[in-house]
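Letter by letter, the chains look like this.
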Amino acid sequence: MSNLVCESVYFSYIGKQWIFENYTQTFSPGITILKGYSGCGKTTLLKILAGYLTPKQGVVKTPSGHSITSALYRRREVSYMFQGINLLPLATVERNLQLCAEMAQLPAKEWKPRANELIDKLGLQELRYKKASSLSGGQAQRAALARTMMKDSEILLLDEPTSGLDDGNTEIIKKLIKEYPKDKICILSTHDSRLFDLTDEIIDFNKLVSD
């Protein structure tokens, strides 16, 4: 497994100043935390790495060599957990996981055991057939993480995975993130200090911006 690399990346939204200007960073296998205040670019960087946003200049080199804009990269090689949960509200927890697997074109013999494992580890057994719209905030956050991890992709991107959660829900999510294979790349944005001991590296966006 090789690295995920930003090389001289420039990015701005239309009519705005640069959020990233000649940004270069190598993300190695293991867990990397992006910390910093709201609006400093953490989410924007995750969306660039996921292929949802395209740099104005520069390049992102993926471990496989596929472009971040390619369907194969986004379908199979990277998983992204949105800060806004983004579960399908009228679908059950299990159906949300199944749809993720089907979009990644995973056969049932692969995704069904994976779904069972994630539902068990995240304490979602009794919620398996509940609609996402009926879940509490903590339950929805756990279900969103389960859906994101369904593909078992080489790159896992998590945007504020424990935002607003109590210690109990945070510990459940933290435990599963800690189990993510060390030969894969996990990058998460957070200002939650409860997660800081998970990491192999912390990138402080407050310092980057001030510099």
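Reference entry: report on the structure contained in this document. This is a predicted model, so every value here is computed, not measured.

Let's shift gears to the sheet that holds strand β6 (residues 155-159). Strand order in the open sheet formed by 5 strands is β5-β6-β7-β3-β8, with parallel pairing between adjacent strands. Each edge of the open sheet is held by one strand with a lone partner, namely β5 (78-81) and β8 (201-204). Within the sheet, the average angular offset between the axes of one strand and its neighbour, ignoring direction, is 15°. Bridge count for β5 against β6 is 4 bridges, and the pairing is parallel. Bridging from a neighbouring strand, Tyr-80 pairs with Leu-157 of β6.

Side chains that are three or four residues apart share a direction in an α-helix, a result of its 3.6 residues per turn. Here helix α6 (residues 167-178) spans 16 Å end to end across 12 residues, near enough to the 16 Å set by a 1.5 Å rise per residue. Of the residues making up α6, those classed as buried are Asn-169, Thr-170, Ile-173, Lys-174, Leu-176 and Ile-177. Seen end-on, α6 carries its buried residues on one side only, within an arc spanning 165°. Relative to its buried face, α6 has exposed residues pointing more than 90 degrees away, namely Asp-167 and Lys-175. Lining the buried residues of α6 we find β3 (30-35), α4 (108-121), α5 (137-148), β6 and β7 (185-189). Its side-chain oxygen placed 3.2 Å from the backbone nitrogen of Gly-168, Asp-166 serves as the N-cap of α6.

For the rest of this paragraph, the subject is the packing of aromatic side chains. For any two aromatic rings, the description comes down to two numbers: the centre-to-centre distance and the angle of the planes. Tallied over the entire structure, the rule returns 7 aromatic pairs. Seen in terms of ring centroids, Tyr-52 and Tyr-80 are 5.5 Å apart; in terms of plane orientation they differ by 85°. Their pairing is edge-to-face. Placement of Tyr-52 in the loop between α1 (42-50) and β4 (57-61) and of Tyr-80 in strand β5 is noted, with a sequence separation of 28 residues between them. On the basis of relative accessibility, which here comes to 45%, the residue Tyr-52 falls in the partly exposed class. Judged by relative accessible area, which is 9%, Tyr-80 ranks as buried. By way of ring pairs, the aromatic residues Phe-20, Tyr-23 and Phe-205 are connected into one cluster.

What follows concerns the packing of α5 against α6. Contact pair α5 / α6: the axes reach a minimum separation of 10 Å and the direction vectors enclose 10°. In this view, α5 runs roughly parallel relative to α6, as classed from their interaxial angle. Residues Gly-138, Gln-141, Arg-142 and Leu-145 of α5 form the contact with α6, whose own contacting residues are Asn-169, Ile-172, Ile-173 and Leu-176. Along the lines of polarity and charge, the residues of the contact of α5 with α6 split into 4 nonpolar, 3 polar and 1 charged.

The strand order across the open sheet formed by 3 strands is β2-β1-β4, and the pairing between neighbours is antiparallel. Both outer strands of the open sheet, β2 (20-27) and β4, are each paired with one neighbouring strand and no more. For this sheet the average axis-to-axis angle between neighbouring strands, irrespective of direction, equals 15°. Of the strands in this sheet, β1 (4-11), β2 and β4 are in contact with α1, which crosses β2 at around 65°.

In this fold, Ser-134 is placed in the loop between α4 and α5. By relative accessible area, which is 48% here, Ser-134 ends up partly exposed. Sequence separation between Ser-134 and Ser-38 is 96 residues, and the spatial gap between their C-alpha atoms is 29 Å. Of note is the side chain of Ser-134, whose polar atom sits 2.7 Å from the backbone oxygen of Lys-131.

Thresholds applied
- Residues numbered from 1 in each chain as written.
- Predicted model: local features only at pLDDT ≥ 70, side-chain atom pairs only at ≥ 80, totals over all residues.
- Heavy atoms only, no water.
- Pairing = 2+ DSSP bridges.
- Helix = DSSP H or I, 4+ residues; strand = E, 2+ residues; numbered from the N terminus.
- Axes fitted to C-alpha atoms, helices over the stretch in contact; angles between N-to-C directions.
- Expected span 1.5 Å × (residues − 1).
- Buried < 20%, exposed > 50% of the residue type's maximum accessible area, 1.4 Å probe, protein only.
- Arc of directions from axis to C-beta.
- Contact = heavy atoms within 4.5 Å.
- Polar contact = N/O pair within 3.5 Å; in protein donor to acceptor, adjacent residues only side chain to side chain.
- Phe/Tyr/Trp six-rings, centres within 6.5 Å; stacked < 30°, edge-to-face > 60°.
- Parallel < 35°, antiparallel > 145°, perpendicular 65-115°, else oblique.
- Nonpolar A, V, L, I, M, F, W, Y, C, P; charged D, E, K, R; others polar.

Honestly, that's just the spatial picture; any functional story needs more than this.
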